[in-house]
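Structural features, examined
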Amino acid sequence: MPGIAHPPFPNDIPTHPLLVVDYALIKAGDVQEIEKLWKAATELGFWYYKAAGRNATDEYGSQDTVEFLNVSKDDALAYPEVIHRTYPSTVRARMESTIKPFVRKSLEVNNTVLSVFEKKLGLPAGVLLKYHALEEPSGSEARCIKNPPKRSVITAAQAAQEKERVALGAHTDFGSLSFLHNRLGGLQVLPPGSDDWQYVRPLPGHAICNVGDALTLFSGGILRSNLHRVVPPPGAQSAYARWSLVFFTRPGDNIHLHALAEESKAVKEVVERMTVEERKRFEPNATAKEWFARRVKNQRINNRTGPETWRASRGMEHKPEVI
Ligand SMILES: O=C(O)CCC(=O)C(=O)O
Ligand SMILES: [Fe+2]
């Protein structure tokens, strides 16, 4: 991305370290790098991707401050044919030159990671890829997010604590894998076993990847869909608009979300150790499309009747009460 100069991410605030995974090594099948990816995906569910080149809200009804522009993978790949919806001229003008290549590259990266997880989970070859087949209609999409700048510079502590300043409320992602590119800080994770939100420092030349609910469901919880949120960039960065670009790989619309215990010994073992309640969580009796539709619908402020609406929007959060 061509650069607008902005202040660096502050050095005086606590951040949560992520493991750095080299995508080129993953693609080449490097055993040590695959171990590192597996550790990241099962412990925090978030990691940095070292790029191959350098070219590269809540229970109370508080409203987010972000603007989204979502482009469906099906529409991008079929363009100019319309599969789901049409887009504004700014999107159409860049569909062939920018969006389609971004969607293709993101799918390639995420599919490589899915193949690694498939092997690690001991699933029959091709099962995860089949669930994310290119030709199947799905909720996979590219998203451009803009969070407008704050009028006054706020401290990191203020940014983290002020509820009304949360740009995008605590959530887990709906799909399988999210591939995130951003330059300003603001992304925070709630690390396992902690009650403190921690910033993830953007690393130049690195993307951030995280596991979503569908992979948690398929893996019986072995892969971790971690809670995260977006707050204004910390320190002097808060005076700038924050842009981020995400690609979400989600299973095909008709895929039934459930723990793949019959296909994987490892998943079977974790499911057998679950309580009856836990087991129910891993059998939501929903297709990927239904899971996605339920979560989106109940997040919309227009559909809100009270705190129960927000609760009905939750996914595989380890602490569904956290906002
Ligand atoms: O902009 C970001 O850093 C993350 C956005 C996000 O979590 C999402 O759109 O699901
Ligand atoms: Fe997210």
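The residue numbering used here restarts from 1 in each chain and proceeds along that chain's sequence as written. The order in which chains are written sets their letters, starting at A; the order in which ligands are written sets their numbers, starting at 1. The predicted origin of the model limits local features to residues at a pLDDT of at least 70 and limits the giving and counting of side-chain atom pairs to 80 or more, whereas totals for whole chains, interfaces and linings rest on all residues. For side-chain calculations, the full set of non-hydrogen atoms in the structure is used, while hydrogens and water are omitted.

Going by an unreviewed UniProt entry, the protein chain carries the name Fe2OG dioxygenase domain-containing protein and comes from Phellinidium pouzarii. UniProt positions are given in the numbering used here, feature names are shortened, and annotations may be inferred rather than shown by experiment. Within the UniProt record for the protein chain, the comment given under Sequence similarities (unreviewed entry) is "Belongs to the iron/ascorbate-dependent oxidoreductase family."

**Brief notes about the sheet that holds strand 9 (residues 206–211)**
Spatially, 1-2-9-6-11-4-3 is the arrangement adopted by the seven strands of the open sheet, whose pairing is mixed. Where the open sheet ends on each side, the last strands, each with one partner, are strand 1 (20–22) and strand 3 (67–72). Strand-to-strand, the axes of this sheet are offset by a mean angle of 25°, without reference to chain direction. The pairing criterion for strands is at least two bridges between them, as found by DSSP. Under the DSSP-based scheme used, a helix requires at least four consecutive residues in state H or I and a strand at least two consecutive residues in state E, with every element numbered from the N terminus. In terms of strand pairing, strand 6 (residues 177–182) meets strand 9 through four bridges, oriented antiparallel. The partner of Leu 180 across the bridge, within strand 9, is Ile 208. Each axis is a line fitted through C-alpha atoms, and for a helix only the stretch in contact is used; angles between axes span 0 to 180 degrees, taken between their N-to-C directions.

**What to know about the pattern of salt bridges**
Salt bridge, as used here, is a side-chain nitrogen of Lys or Arg placed within 4 Å of a carboxyl oxygen of Asp or Glu. By the definition in use, this model includes 14 salt bridges. In this structure, Glu 141 and Arg 250 form a salt bridge, with 2.9 Å as the shortest nitrogen-oxygen distance. Remark: Arg 250 occurs in the loop between strand 11 (242–249) and helix 8 (265–272) and Glu 141 occurs in strand 4 (residues 141–147); sequence separation between them is 109 residues. There is no split in this pair, since Glu 141 and Arg 250 are both buried. Only protein chains enter the accessibility calculation, which uses a 1.4 Å probe; a residue is then buried when its area is under 20% of its type maximum, exposed when over 50%, and partly exposed in between.

**Side note on the coordination of the iron ion (ligand 2)**
At this site the iron ion (ligand 2) is bound by His 171 (NE2), Asp 173 (OD) and His 228 (NE2), with donor distances of 2.1 Å. The class of His 171 is buried, set by a relative accessible area of 10%. Coordination here is defined by N, O and S atoms within 2.8 Å of the metal (3.2 Å for Na, K and Ca), and since water is not considered, a site can look incomplete.

**Description of the site of ligand 1**
Contacts to ligand 1 come from Arg 143, Ile 145, Leu 168, His 171, Asp 173, Leu 180, Leu 187, His 228, Val 230, Arg 242, Ser 244 and Phe 248. In the analysis that follows, any N or O atom pair within 3.5 Å is treated as a polar contact, provided that within protein one partner can donate a hydrogen and the other can accept it, and provided that, for residues neighboring in sequence, both atoms belong to side chains. Taking Arg 143, its side chain carries an N or O atom lying 3.0 Å from an oxygen atom of ligand 1. Between His 171 and ligand 1, the recorded distance is 3.0 Å, taken from a side-chain N or O atom to an oxygen atom. Examining the composition of the shell around ligand 1, we find that three residues originate from one element, strand 11, more than from any other. Near residues are defined by distance, with any heavy atom within 4 Å of the molecule or strand qualifying the residue.

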